[in-house]
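Fold and contact review
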Amino acid sequence: MNNDSMKIPQATAKRLPLYYRFLKNLHSSGKQRVSSAELSEAVKVDSATIRRDFSYFGALGKKGYGYNVNYLLSFFRKTLDQDELTKVALIGVGNLGTAFLNYNFLKNNNTKIEMGFDVESSKVGTKIGDVPIYHMDDLERVIEEDDVQVAILTVPVSAAQSITDRLVKVNVKGILNFTPARLTVPSTIRVHHIDLAVELQSLVYFLKHYSEVEEVE
Ligand code: ATP
């Protein structure tokens, strides 16, 4: 993201890709403007939050007119589209990791999984969805040579912290952690944690205990 986006609150920044994807669709269907109610319905974010988010981008919707799609799109393009592709490595080519390798992230943004790593010899040296799989022994060398900035962790929980320590040493800036491990990293590294089992449990809990759907930020 460019420097202007630094002022945007993190919760807003997280919603940007969602807005961006929807606005691109609107634009390609020839729509010039969109109301916050329409946006709200489509992206399932309440319209007060949308209005507040958009006010950070200097996009003040006019009553009875809504937002100018082109203006918003050019803002999002500038903020979200980096000139360079962000290189991503996936570590742990098991069931989940393999699914990610087969999924084409490039469809929606500027990130690409460039390589996978594993310890199992049957996987090393193969390609999955065009992505080469390397042995963990080569982690530091390959990551440094290719200037990889982001790693996705889909390894067993027991291996997560020691792999993270190695990633930190080779200057990986961000880790998307799909393991249940709570990782310890220096403050310069950003970790986003997605624990699918916890998310599922939390969904079931909400279904059981809250009959009305409330906005949870
Ligand atoms: P998943 O959890 O993705 O469904 P799985 O059940 O097939 O995968 P896991 O035991 O969770 O297997 O391991 C995920 C992958 O991580 C496997 O391919 C395994 O070989 C690999 N792996 C295990 N230990 C390490 C390690 N220390 N470094 C890198 N990869 C590892």
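Residues numbered from 1 in each chain as written. Predicted model: local features only at pLDDT ≥ 70, side-chain atom pairs only at ≥ 80, totals over all residues. Heavy atoms only, no water.

The protein chain appears in an unreviewed UniProt entry as Redox-sensing transcriptional repressor Rex from Robertmurraya mangrovi. The annotation that UniProt attaches to the protein chain under Subunit (unreviewed entry) is "Homodimer." The protein chain has a UniProt comment under Subcellular location (unreviewed entry) that states "Cytoplasm". (UniProt positions renumbered as here; feature names shortened; annotations may be inferred.)

1. Re the packing of aromatic side chains
The tally for this structure, following the rule as stated, stands at ten aromatic pairs. Geometrically, the ring pair formed by Phe206 and Tyr210 is stacked, given 5.0 Å between the ring centres and 25 degrees between the ring planes. Here the aromatic residues Tyr19, Tyr20, Phe54, Tyr67, Phe75 and Phe76 are joined through ring pairs into a cluster of three or more. (Phe/Tyr/Trp six-rings, centres within 6.5 Å; stacked < 30°, edge-to-face > 60°.)

2. Quick notes on the site of the ligand
Around the ligand sit 15 residues in total, of which Gly94, Asn95, Leu96, Asp118 and Lys123 are the nearest. In isolation the ligand exposes 620 Å². Once the protein is present, 66% of that is buried. For the shell around the ligand, the elements supplying multiple residues, two or more each, are helix H5 (95-102) and helix H7 (157-169). When the residues that make up the shell around the ligand are grouped by side-chain class, the tally is eight nonpolar, four polar and three charged. (Near = heavy atom within 4 Å. Areas by Shrake-Rupley, 256 points an atom, 1.4 Å probe, with all protein chains shown as cover. Helix = DSSP H or I, 4+ residues; strand = E, 2+ residues; numbered from the N terminus. Nonpolar A, V, L, I, M, F, W, Y, C, P; charged D, E, K, R; others polar.)

3. Considering the environment of Val88
With respect to the secondary-structure elements, Val88 resides in strand E3 (residues 86-91). Setting aside residues up to four positions removed in sequence, Val88 forms contacts with Thr111, Lys112, Ile113, Glu114, Met115, Val148, Val150 and Ile152. (Contact = heavy atoms within 4.5 Å.)

4. Remarks on helix H2 (residues 36-43)
Within H2, burial applies to Ser36, Leu39, Ser40 and Val43. Taken down its axis, H2 places every buried residue within 100 degrees of arc, on the same side. The exposed set on the far side of H2, more than 90 degrees from its buried face, consists of Ala37 and Glu41. Here the buried face of H2 lies against helix H1 (10-28), strand E1 (33-34), helix H3 (47-56) and strand E2 (67-68). Backbone geometry just after H2 places Lys44 at a positive phi near 60 degrees. (Buried < 20%, exposed > 50% of the residue type's maximum accessible area, 1.4 Å probe, protein only. Arc of directions from axis to C-beta.)

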